[in-house]
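Here is how the chains run, residue by residue.
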Amino acid sequence: MSSLSYAAPTSVDDAVKLLAGSSGLAKVLSGGTDLLVQLRSGRVKPELIVDTKKIPGIIGIREENGGFVIGAGTPGAVVEAHAGLTAAWPGLVEALDLIGSTQIQGRCSLAGNLCNGSPAADSVPALFAANAIAVVVGSKGRREIPVEQIPTGPGRTSLAKDEFILEFKLPPRPARSSDAYLRFIPRTEMDIAVVGCGVSLTLDAKGVCTAARVALGAVAPTVIMVPAAAAALIGHTLDADTLAKLDAAAQAAAKPISDKRGTIEYRTKIAGVLARRTAAIAFDRAAGIKNGKAH
Amino acid sequence: MNYIDSSLKVVGTRPIRPDGVDKVTGRAVFAADTRASGMLWGKMLRSPHAHARIVSIDTTKAEALKGVFGVVTAADFPDIPSEEAFVGEGPMNFRDLALNCMARTKVLYEGHALAAVAASTQAIADEALALIDVKYEILPHVIDVEAAMAPNAPILHDDMFTSGVDPKPTKPSNIAKVVTFRKGDVEAGFKDADVIVEGTYTTQPVHQAYIEPHACLATYSPDGQVQIHSSSQGHFMVRAYTAKLLGMNMSNIRVNPAEIGGGFGGKTLVYLEPIAVALSKKSGRTVKMQMTREDVFKASGPTSGAWMEVKIGAKKDGTIVAAKQVLKYQAGAFAGSPIGPGCMCGFAMYDLPNVDVVGYDVVSNRPKVAAYRAPGAPITSFAVESLMDELAIKLGIDALTLREKNAAKNGTKTHYGPTHQNIGFTAVLAAVKSHPHWKSPVKPGQGRGLATGFWFNIGGESTAQVHVNEDGSVTAATGSPDIGGSRASIGMMVAEVLGVPATSVRTIVADTASIGFTHVTGGSRVTFATGMAATQAAEKIVEDLKKRAAQTWDIPVEAVEWKDGKAYPAGSNAGAFEPLDLATLALKAARTGGPLIAEVSINAQGAGPGFGAHICDVTVDKETGHVTIERYTAVQDVGKAIHPSYVEGQIQGGAAQGIGWALNEEYIYNAKGQMENAGFLDYRVPVASDVPMIEAVLVEVPNPRHPFGARGVGEVPIVPPMAAIANAIRSATGLRMPDLPMSPPKVRAAFDAQA
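Reading the values: rules and limits
Residues numbered from 1 in each chain as written. Chains lettered and ligands numbered in written order. Predicted model: local features only at pLDDT ≥ 70, side-chain atom pairs only at ≥ 80, totals over all residues. Heavy atoms only, no water. Helix = DSSP H or I, 4+ residues; strand = E, 2+ residues; numbered from the N terminus. Rg over C-alpha atoms; globule rule 2.2 N^0.38 Å. Buried < 20%, exposed > 50% of the residue type's maximum accessible area, 1.4 Å probe, protein only. Contact = heavy atoms within 4.5 Å. Areas by Shrake-Rupley, 256 points an atom, 1.4 Å probe, with all protein chains shown as cover. Salt bridge = Lys/Arg side-chain N within 4 Å of Asp/Glu carboxyl O. Polar contact = N/O pair within 3.5 Å; in protein donor to acceptor, adjacent residues only side chain to side chain. Domains from an automatic or database assignment. Buried area = accessible area lost by both parts, 1.4 Å probe. Nonpolar A, V, L, I, M, F, W, Y, C, P; charged D, E, K, R; others polar. Pairing = 2+ DSSP bridges. Axes fitted to C-alpha atoms, helices over the stretch in contact; angles between N-to-C directions. Parallel < 35°, antiparallel > 145°, perpendicular 65-115°, else oblique. Phe/Tyr/Trp six-rings, centres within 6.5 Å; stacked < 30°, edge-to-face > 60°. Lys NZ or Arg CZ within 6 Å of the ring centre and 35° of its normal.

Chemist: Can you tell me about the overall build of chain B, naming the residues and giving the values?
Modeler: Across its full length, chain B holds 21 helices and 26 strands. Its C-alpha atoms give chain B a radius of gyration of 27 Å, near enough to 27 Å, the size a compact globule of 755 residues would have. Taking all 755 residues of chain B together, the buried fraction comes to 62%. Contacts in chain B between residues at least 24 apart in sequence constitute 79% of all its contacts with a sequence separation of at least 6. A total accessible area of about 27200 Å² is found for chain B, and carbon and sulfur atoms account for 52% of it.

Chemist: Tell me about the interface of chain A and chain B, and name the residues and values.
Modeler: Reports often express the size of an interface as the amount of accessible area lost when the parts come together. With 18 residues of chain A in contact, the opposing surface of chain B contributes 25 residues. Between B:Arg684 and A:Asp191 there is a salt bridge; the shortest N-O distance is 2.8 Å. There are 16 residue pairs in polar contact (both at pLDDT 80 or more) connecting chain A and chain B. When residues in the side of chain A that touches chain B are grouped by element, the largest group, 6 residues, is from helix α11 (residues 264-286) of chain A.

Chemist: So, the domain arrangement of chain B: which residues are in play, and what are the values?
Modeler: Residues and elements named next belong to chain B. When cut into domains, chain B gives domain 1 (31-139 + 211-262 + 267-299), domain 2 (306-457 + 608-754) and domain 3 (459-604). With 22 residues of domain 1 in contact, the opposing surface of domain 2 contributes 22 residues. Among the residues of domain 1 in contact with domain 2, Asp-96, Leu-108 and Phe-297 are the three that bury the most area, contributing 32% of the side total. Taken together, the connections running from domain 1 to domain 2 amount to 0 salt bridges. At the boundary of domain 1 with domain 2, the tally comes to 4 residue pairs in polar contact (both at pLDDT 80 or more). Those elements giving two or more residues to the side of domain 1 that touches domain 2 turn out to be α3 (94-101) and α9 (293-299). For the side of domain 1 that touches domain 2, the leading source of residues is α9, giving 5 residues. Along the lines of polarity and charge, the residues of the side of domain 1 that touches domain 2 split into 12 nonpolar, 4 polar and 6 charged.

Chemist: So what about the sheet that holds strand β23 (residues 596-604) of chain B? Which residues, and what values?
Modeler: Residue and element names in this part refer to chain B. In space, the 4 strands of this open sheet follow the order β19-β18-β17-β23, with mixed pairing throughout. The open sheet has two edge strands, β19 (505-509) and β23, and neither has a second partner. Geometrically, the sheet is characterised by an average inter-axis angle of 20 degrees between neighbouring strands, direction not taken into account. Across the sheet, helix α15 (residues 486-498) is in contact with β17 (460-468), β18 (474-478) and β19; its angle to β19 comes to roughly 140 degrees. Lying over the sheet, helix α16 (residues 526-553) contacts β17, β18 and β23, oriented at roughly 145 degrees with respect to β23.

Chemist: I'd love a proper account of unusual backbone geometry, names of residues and values included.
Modeler: Residue and element names in this part refer to chain B. Between Asp-166 and Pro-167 the backbone carries a cis peptide bond, its omega angle lying at 0 degrees. Within the element layout of this structure, Pro-167 appears in the loop between α5 (145-149) and β7 (175-183). Each neighbour pair has its own omega, and for Leu-740 with Pro-741 the value is -10 degrees, a cis peptide bond. One can find Pro-741 in the loop between α20 (721-733) and α21 (744-754). With a phi close to 55 degrees, Phe-264 is a non-glycine residue in the positive phi region.

Chemist: Requested: an account of the environment of B:Leu40, with residues and values cited.
Modeler: All names here are of chain B. Position of Leu-40 relative to the elements: it lies in strand β1 (residues 40-46). A relative accessible area of 0% places Leu-40 in the buried class. For the pair Leu-40 and Ser-120, spaced 80 residues apart in sequence, the C-alpha separation works out to 4.8 Å. Apart from residues no more than four positions distant in its own chain, Leu-40 is found in contact with Phe-69, Ala-118, Ala-119, Ser-120, Ser-283, Arg-285, Thr-286, Val-287 and Lys-288.

Chemist: Tell me what's going on with the sheet that holds strand β26 (residues 694-699) of chain B, and back it up with residues and numbers.
Modeler: Residues and elements named next belong to chain B. Ordered in space as β16-β24-β25-β26, the 4 strands form an open sheet in which the pairing is mixed. One side of each edge strand has no neighbouring strand; the edge strands of this open sheet are β16 (446-455) and β26. Direction aside, neighbouring strands of the sheet carry axes that sit 15 degrees apart on average. In this sheet, strand β24 (residues 610-620) lies alongside β16 in antiparallel orientation, the contact comprising 10 bridges. Looking at the pairing, Phe-454 lines up with Phe-611 of β24.

Chemist: For the packing of α3(B) against helix α7 (residues 235-246) of chain B, give the residues involved together with the corresponding values.
Modeler: All names here are of chain B. Where α3 meets α7, the axes come as close as 10 Å, and the angle between the chain directions of the two elements is 80 degrees. With respect to α7, the element α3 is oriented roughly perpendicular. Between α3, through Phe-94, Leu-97, Ala-98 and Cys-101, and α7, the contact on the second element is made entirely by Tyr-241, Lys-244 and Leu-245. Looking at side-chain class alone, the contact of α3 with α7 contains 6 nonpolar, no polar and 1 charged residues.

Chemist: Can you explain the packing of aromatic side chains? Please cite residues and give values.
Modeler: This structure, assessed with the given rule, holds 18 aromatic pairs over all chains. Here the aromatic rings of A:Phe184 and A:Tyr266 are separated by 6.1 Å at their centres, their planes lie at 75 degrees, and the arrangement is edge-to-face. One end of the pair, A:Phe184, is in strand β11 (residues 177-184); the other, A:Tyr266, is in helix α11, with 82 residues separating them in the sequence. For A:Tyr266, a relative accessible area of 4% translates into the label buried. Ring geometry for B:Tyr667 and B:Tyr683: centres 5.7 Å apart, planes at 80 degrees, overall edge-to-face. Here the residue B:Tyr667 occupies a position in the loop between α19 (644-663) and β26, and B:Tyr683 occupies one in the loop between α19 and β26, the gap between them amounting to 16 residues. Like B:Tyr683, B:Tyr667 is buried. Aromatic ring contacts, followed pair by pair, group B:Tyr350, B:Tyr416, B:Phe425, B:Phe454, B:Trp455, B:Phe456 and B:Phe611 into a single cluster. Between B:Lys311 and the ring centre of B:Phe190, over which it is positioned, the NZ or CZ distance is 4.4 Å.

Listed below in C-alpha cells is the structure:
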C-alpha cells in the first residue's frame, strides 16, 4: 500500500527542508483547489504534501515601495476584498475572481494557479501582463524572478523540487495605467478558458498608449507574452487600424492545439477577438472610464 | 369520483414541499448515505477499450490481496437467454441488461464493466482492480450512427439481424430494427404541394446528468434473503431485474428506496445492484457500491444521438399536405434506442393527411442508452420544428399562424394510429398568442424562436395505501419513488378527498415488501396513476368513515355526508347529531371496526397527452459564436396543476436541460473511442447564470380520465427547447444551425461560412 504524509510547517526553512528531504514526489499545498482534485482522480500520487499556509506572511496583501506585495497563498476572496489592489489592478483581480465558484474563491491562490502549470489558468495572463515578480524560496536561498519564467509547459514549472513561491510583487503604477482580463468560455462561469487574454497599459494625457503588455492563455503550452501585440498598441490610440493590428498580432502569436475545449482555427480567431476586447477595457479604465466586470 | 368541476381547497395551492427541509439541511438519506457495520466497498473493473474480445480474466492476484473478500466476473452470473423485460421503461432485454452489467465475451464500450471486487477499504479495492489481469483482443470500433450503418462497419453483435425488414437479412448488422409509420399517400401529397422544404439534422447523445451518481448497499444472507438499499426510479424494477440477473425469487429480495437525487429516466434500469448482491454472496458481508461521475458518464445511459432527414410539403396558405421523415437513432452498445417514440412524436402536434416515417435503431460502441425525459421526442422535434420554421419563412407566414393552421385537435387521427382526444394544443397556441412575450416586439439585435412539442404520458400499475392514524393524522404510502414532487401532489389529493389540510397528510415511499407492485416513476405517470390510486384509497376511507358515523348515530349510511373533514347528517331528516371529525372517528376506530386503512391497486388508463410551446429570445455574439438566452417562456397544457410550484419547476427544469442540449452538451471521443469529457467541467450542462428566468405558463385543459384532471407534466418541457433556440438563432442571424450542439465554435464557423 502506498502512503501519504502531510506536514504544515510554520517557517520557510522547515518547509524547504521537508521538500528537499522527500525521497518521492512532494507537492506544495496552498489552497489545494487543483491538488485535491488531482489526488482524488489519481492523476498525482505524492508521497508528501507540504501545506505552506501556516508560514507567516504567506497570506495577506501589503503596500511596499509604491507597489503591492501579495502573499502566495492569499485566497482569491481576500484579494478581491482589497480596495487598493482592486483600484490599481482591476484586471488581475477580475482574472483571479473568475476561478471556480464562491467556495473555491475562499481557497484558490495566485501561486497555486501559476504553479499548477495550466496554459489556461485565468490569473496567469493577468500576472504576466502586470509584469509581476515572484519571490521564490528554496535551499539555495531567495530569488526574485519574473512570473513569465515560472511555467515551462503543461503542468511543469522552472522551480526546483525544494522551491516554492513566497509572494508576488506588483510594480508601482504610473498615472493613467490600468489592466483587464477576458477569457472566453462556452458557458458564463464555472469553466476553463478556451482562450484568455490579459492586457496592462499606460496612456499619456492625450490617450495615446505609452506602455503595454499583452499576454494570451490557452493558445500555447504555457501562457505567453505577445510583444508584437503590445507593439501594436504603443504609440497609438485605440482606433480601428490599431485594433486590426492588435488582432493580427494576437492571432499570429497563438499556437494552440485542438482539444476538447476548442480547435486550432477557433482558438486562433478568438485570440484576436479577445485581444481587441480586453485592450478596449484596459484603455477605458486607464482613461478613467468605468467599465463593468469582464465575463 | 371526479373533482374537476368541484371547488377545491387543497389541490391547486402551494404548500411547502414535504421533502424540502431534509434536503436543504443535508439530512435526506440518499443511496450513498447508507452504510452498515462490517461493510465492504465494491468496485468495478471497467474496459479501457471501446470494442474488444475478452481473451482471459485472471483474478488470482486480486483475490490474494489482503483485505479483498470477493471478486466476481460474468462467470459468477447465470448466462440468461434473450427475453423482453416485463417492467421498466422503454424496450429492455434481460440478456442485454445482464451483459451490460457484466461483459461476458466482449466489451462493447469504454467503461463496460467486466469484473468487480469487494474489499475492506476503497483503496484496497482500487489496488485489487489493478491486480486483475485481463487479456483483450482489441477490435475495430465504431462510434457514430451513420458509420455504424455503413456496409463495412465493425459489427458489435454477430447475432443481430435487422428486424422489421422483409426478407429477413442473412448477414448480421448494427441495425437492430427498422420501424415504419405511414398514413395516407405521402408521394401524392408532395405532388399536391405548392412549396416543399427539406433538411438534414443531427443531434448528439446527452446525459440525464442527475446530480446523484448511482449507488447501492446490498446484503445477502446465508438463507438466501437479500436486502438492497438503492436509489432508483422504481424499486420494484430493481427487485425484478436483480432477481432475473441472479436467478433468484423476487420474494427473497427486499428493496428499500432511498431518497433520489434526480433520475430523468436514467434510473429506470440497474447497473450496480446485481453485482453488489453477487459480491455480498461471495464475501458474506454487506457490500456498498457507488459510481464516480466518470463512471456515470462512461457507463450509464445517455439518450440517443441521431441523424435525421425531414421533408414537408404545404399549400400556399400554409396547409401541410405531406410530411416525411427518416430517423437514425444510435442505441449505444445494445438495441433499444427510443426510435419508436421518435417516429411517433415528431409530427404528433399536427393534423396531417399524408405521413411517412421510417426509423432505424442502431448500435455502436457507446454506453447503452437509457430513458431521458420524453425519450426520443426532443430529438425528432428538433428536426421537425426547425423545418417548420423554414416552411414559415418560405411561405412568408408567421411561425405561430403556421402551427395554428395545422394544429392537432380533438379527433385528429395521428400517423401512428390513435386519435387525439381531450387535448389542449390549440389552447396552448392561443396562450402563446396572447402572452406579453409573444406580443412584444423583438428587441434590436435579438432573434425570437418558437417551437412546440408533444409527449404521450402514460398510466399503468400503481398501488397506494391511506392510513388514518389514531390521532386523525394521515399517512399515505405508495410504491412510487418521488423524483418530481409526487409526495406533495399525492398527499394533496388525499387531503382534498378527506377534507383535511395538506399538512395532515404525510406521504411516504414504501419498500417492495410493504406495498403492492408499482411500475417505475417514468412516463410522467405518477401524479396521474399513483395519484388516481391514492385518490381512490382516500375515497374508500371516506366511505368507511361515513359507515362508522352512521353506526355511531345508528342511521343509514346514505344519510351521512362527508364534508370538510367531518361526517354530518345529510339533512334534518337524518337526525340532529353533532358532526364527527376525523380525529374523533379515528380515536373510536377500535370500537367501530378496527384500523382505518385502505389500499388500492390499479392499472390506470387514460393518461392525457401533453403539448407545449416555447418562446425564446436570443442574442448571438458574431465574433465568438456565443448564444445568450435573453428571455424564455414555456407554455404547456398541464391538465390540472395539483401543486403549481412543482409544475412550474418541472417546466423550468425541462427547459433548462433543453438549453444545455441545444447549446453545449456533447460526448467528445478520441480516435480510440474513449470519452474525453467524462466530467461536469467539460460536459457542459448549463450553470445557473446560463439560464434566464424561465416563465412557465400553465394552461389547464382537464384530462377527464383523472379525478382532478391531471396530465403528466415532466417530459413535455424538454421537447421544444432545441428547435426554439435554433429558430431564435435563425431569426437573429439568418443562420440555420442543423447540428447540435449549437456551440460557439459551430456558430462562429457558420458566420464565417455565411460571410
